[in-house]
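What the coordinates show
Chain by chain, the residues:
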Amino acid sequence: MTPQIKDLSTKAIHAGEPVPRIAGAVVAPIFQSANFEYGGESSYHDLRYIRLNNTPTHDVLHAKLAALEGAEAAVVTASGMAAISTALLSVLSPGGHLLVQGNLYGGTHSFVTRDLADFGMTYTVIDADNPASWAASLQPTTRAIYVEAMTNPLLQVADLAAVPTFARQHGLVSLIDSTFPSPVNFRPVEHGFHVVLHSATKYLNGHSDIVAGAVAGRSDLVEMIRQRLNHLGGALDPHAGFLLHRGLKTLPVRVRYQNESALAIAHCLERHPAVERVNYPGLASHPRHARATQLFDGFSGMLSFELSGGRDAADRFIKRVQLPVSAPSLGGVETLLTLPATTSHAGMQPEERHLAGIGDGLIRVSVGLESTSELIEDFEHSLGLVGTPLAG
Ligand code: PLP
């Protein structure tokens, strides 16, 4: 008899694994077969075919992800953007209207603001921190409300608990991009969200070596999204699926370490005279620290900070640190740094960026799995030199 699995660490290892094990293999093998013998299936969506995301490699992933999120069902996708765009194109039909949080991840922001109109869909940006204001943006055609668990790069935490309640009151589908916290820190289904979206490229895989996405949630909605995905073609390649499966097994250990490390680094930065401001929901100084403490089991490996010396100081800091890699993306084993003003938010006008609170010298950090004390040593050394011009 399989014992009842409750703990996330145990789920990450055992949930969804094939029973019995395939040829006794301890690790579920990769099924690199485009097609499978016809087994009498009566629906197109049930035929075993690689684009229909239903090889045994996919099946294991779907069951494990659903278990980790505490969701009825899950489906993997070719990328985080495939998950997000397919989900939105499934819950909205032509003429449909979406309520959407401001300061979204850039790819989602572009999809909503530039592409949705081509499908006959409209949107209104809401202040996700002020639920009392949301009803004023409702239209007879409003079908869904979309938020992010933590915003990039300022790590703001909206009034997430109010979203599912509002959605139920008004017959909307609630969707959340939960990439930053990952299910280790936050499981939106437990709070009543209908659909949870991930860039699995980030924490779920955790090794910066694939692109993948995931959708989890209520089974009828996941099935609707899966069928649209089958037509749009955003299936996950089994090779990437195999790596994602491997990554998922260590997700809880990785993320819990990254939570601890990021908190220690955030404290150190906050105390440093060269640092003007630190954005990390685990700090008491974060404007939504109390809310984050209520919602999350940990505060993630993501933080951002602004140096008093602005852009020049930020450039010097990034050039001098030894361990972190200056690169976009997040959630991997290596610590990554980016200047949002020149990368993820370069498309915004400088005034727009400043209004959004993203200064030219804001540095975003994705804390990896290096030794916390060596990272702090490295950060402190570089911070001590930000006033000194670079040689040459
Ligand atoms: N959501 C968030 C919060 C992200 O940071 C990203 C990528 O950076 C995405 C979605 C898109 O994911 P992908 O690059 O896997 O398509």
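Each chain has its residues counted from 1, following the order in which its sequence is written. Given that the model is predicted, a residue must reach a pLDDT of at least 70 before its local features are reported, and side-chain atom pairs must reach 80 or more before they are shown or counted; all residues, however, enter totals for whole chains, interfaces and linings. As a rule here, side-chain values come from all non-hydrogen atoms in the structure, and water together with hydrogens is ignored.

**Some remarks on the packing of helix α3 (residues 80–91) against helix α4 (residues 106–115)**
All axes here are fitted lines through C-alpha atoms, helices being fitted over the stretch that makes contact, and every angle between N-to-C directions spans 0 to 180 degrees. Helical segments are the DSSP runs of H or I of at least four residues, strand segments are the runs of E of at least two, and each set is numbered from the N terminus. The contact between α3 and α4 brings their axes to 10 Å, and the two run at 30 degrees. The angle between α3 and α4 places the two elements in the roughly parallel class. As α3 runs across α4, the sense of the crossing is right-handed. Counting all contacts with α3, which are made through Met81, Ile84, Ser85, Leu88 and Leu89, the residues of α4 involved are Gly107, Thr108, Phe111 and Val112. For the contact of α3 with α4, the class distribution of residues is 6 nonpolar, 3 polar and no charged. Throughout this description, any angle smaller than 35 degrees is read as roughly parallel, any larger than 145 degrees as roughly antiparallel, any in the 65 to 115 degree range as roughly perpendicular, and the remainder as oblique. By convention the crossing between two helices is left-handed if the near helix lies anticlockwise of the far one by an angle smaller than a right angle, and right-handed if it lies clockwise. Should any heavy atoms of two residues lie within 4.5 Å, those residues are counted as being in contact. Gly falls in the polar group here, along with every residue not listed as nonpolar (Ala, Val, Leu, Ile, Met, Phe, Trp, Tyr, Cys, Pro) or charged (Asp, Glu, Lys, Arg).

**With respect to the site of the ligand**
Near the ligand you find 14 residues, and of these Met81, Asp177, Ser199, Thr201 and Lys202 are the closest. Interatomic distance of 2.8 Å between a backbone N/O atom of methionine 81 and an oxygen atom of the ligand. Any pair of nitrogen or oxygen atoms within 3.5 Å is treated as a polar contact; in protein, a donor-acceptor pairing is required on top of that, and neighbouring residues in sequence qualify only through side-chain atoms on both sides. Contacts to the ligand include lysine 202, whose side-chain N or O atom sits 2.9 Å from an oxygen atom. Isolated, the ligand exposes 390 Å² of accessible area, and the fraction of that covered by the protein chains is 88%. For the shell around the ligand, the element with the most residues is α3, which contributes 3 residues. Definition of nearness: a residue and a molecule or strand are near each other if at least one heavy atom of the residue lies within 4 Å of the molecule or strand. Per-residue and other accessible areas were derived by the Shrake-Rupley procedure at a 1.4 Å probe size, with only the shown protein chains allowed to occlude residues.

**Some details on the pairing of strand β6 (residues 195–199)**
If a strand is regular, its side chains alternate between the two faces of the sheet. Relative accessibility under 20% of the residue-type maximum defines a buried residue, over 50% an exposed one, and the middle range a partly exposed one, all with a 1.4 Å probe and only protein chains included. Of all 5 residues in β6, 5 are buried, a share of seventy percent or more. Neither face of β6 is open: one carries Val195, Leu197 and Ser199, the other Val196 and His198, and all of them are buried. Strands are treated as partners if at least two bridges between them are detected by DSSP. Across 3 bridges, the pairing between strand β5 (residues 173–177) and β6 is parallel. Each residue of the ladder has a partner; that of leucine 175, found in β6, is valine 195. One ladder, built from 5 bridges, connects β6 with strand β7 (residues 213–217); its direction is antiparallel. If you follow leucine 197 over to β7, its bridge partner there is valine 215.

**Concerning the environment of histidine 381**
Position of histidine 381 relative to the elements: it lies in helix α13 (residues 372–384). The spatial distance from the C-alpha of histidine 381 to the C-alpha of histidine 97 is 50 Å, given a sequence separation of 284 residues.

**A short note on the sheet that holds strand β11 (residues 336–338)**
The mixed open sheet is built from 5 strands, whose spatial order is β8-β9-β12-β11-β10. Of all strands in the sheet, those with a lone pairing partner are β8 (275–279) and β10 (325–326), marking the two edges. Two strands pair when backbone bridges link them, and strand β9 (residues 302–307) and strand β12 (residues 362–366) are joined in this way by 5 bridges, in the antiparallel orientation. Bridge pairing in β12 links glutamate 306 to leucine 362. Along the sheet, α13 makes contact with β8, β9, β11 and β12, crossing β9 at roughly 15 degrees.

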